[in-house]
Amino acid sequence: IHRKLISMVKGDLIEWGSSDWRFRGLKDGTLNLILRHRFEEEIAEQQTPPDLRIDFRKKIAGLQKENNVLRGKLNQITGVMAEHQFATALRSRKRFKLSEFFHSSSKSFDRIVNIKDVKTRVFIQRDDGKNLELDVLAMADNDLVLLIEVNKKHKDKIGIKDIEDFLEKAQLYKKLNPDESLSAAFLSLGGFTDAALQMCEQNCIGWAEEFSYFSSV
């Protein structure tokens, strides 16, 4: 019996207890499902045997929920790293044109800038008390401020609603800092819809779809 119990430990069906002679079932319920599948006819005391498919569906649903939570945490970490990498690239450049980073029809992106300070995750407050988060805020010479939104999801294209939300942030920042000259840009690793790109052009928002601009600095 002891040898068979050890074999079950090696097969990830049970786990060690507090000593070499103590064993316990896995907390995730896998052992229970396997035993019921193997011995359900011998141990069943009810007229209708349990439907193991229901148990497995519940188990799969729980794992999917856990997977979604982990994906959300991963996206958050990836986002923070993307913003940090972008901010580091800006700090490493002394004099450059914004057109080296972003596409734009605005002549302001052909202007040479000198970055003095870069901040990430800056909050500004609306009149109703709601806080809006700015991903990257770069201060340059001559009171020039570069406001940058970073979308980190490779599979999600930026749409009109995303551009509208970004415009709200840019307009609010300009309202709070009227003496500063503002340039706005959007980096989306998942790309843009045609309507979103058109809206960027109409509002003089620079745009980029690749991170290679910054990693090559």
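Conventions used here
In this convention, every chain numbers its residues from 1, walking through the sequence in written order. Local features in this predicted model are restricted to residues whose pLDDT is 70 or higher, and side-chain atom pairs enter the listing and the counts only when it is 80 or higher, whereas totals over whole chains, interfaces and linings include all residues. Only hydrogens and water are removed before side-chain values are computed, so all heavy atoms of the structure are retained for them. Helix and strand assignments come from DSSP, with helices taken as H or I runs of at least 4 residues and strands as E runs of at least 2, each series counted from the N terminus. The set of buried Ala, Val, Leu, Ile, Met, Phe, Trp, Tyr and Cys residues whose side-chain atoms join them within 4.5 Å is what this entry labels a nonpolar core. Relative accessibility thresholds used throughout: buried, under 20% of the residue-type maximum; exposed, over 50%; partly exposed, between the two (1.4 Å probe, protein chains only). The contact criterion used throughout is that any non-hydrogen atoms of two residues lie within 4.5 Å.

Enquirer: Could you clarify how one ought to interpret unusual backbone geometry in this entry?
Expert: Among all residues save glycine, negative phi is the norm, and among peptide bonds the norm is trans. Even without being a glycine, Arg-121 presents a positive backbone phi close to 55 degrees. Along the chain, Arg-121 falls in strand β5 (residues 115-125). The phi dihedral of Cys-204 is positive, around 55 degrees, even though this residue is not glycine. Within the fold, Cys-204 resides in the loop between α5 (194-202) and β9 (206-208).

Enquirer: Can you walk me through the nonpolar core in this structure?
Expert: One recurring pattern in soluble globular proteins: nonpolar side chains tend to sit buried together. Ranked by size, the top nonpolar core spans 23 residues in total, and within it Leu-134, Leu-137, Ile-163, Phe-186, Phe-192 and Ile-205 carry the most contacts. When residues of this core are traced back to their parent elements, those giving at least two are β5, β6 (131-140), β7 (144-151), α4 (160-176), β8 (181-188) and α5. Among the elements that take part in this core, α4 stands out by supplying six residues, more than any other. Setting aside anything within four residues of it in sequence, one finds Ile-205 in contact with His-103, Ile-163, Phe-166, Leu-167, Ala-184, Ala-185, Phe-186 and Cys-200. Of all hydrophobic cores here, the second largest spans 22 residues; its members include Phe-101, Phe-109, Val-118 and Leu-189.

Just distances and angles here, no functional claims.
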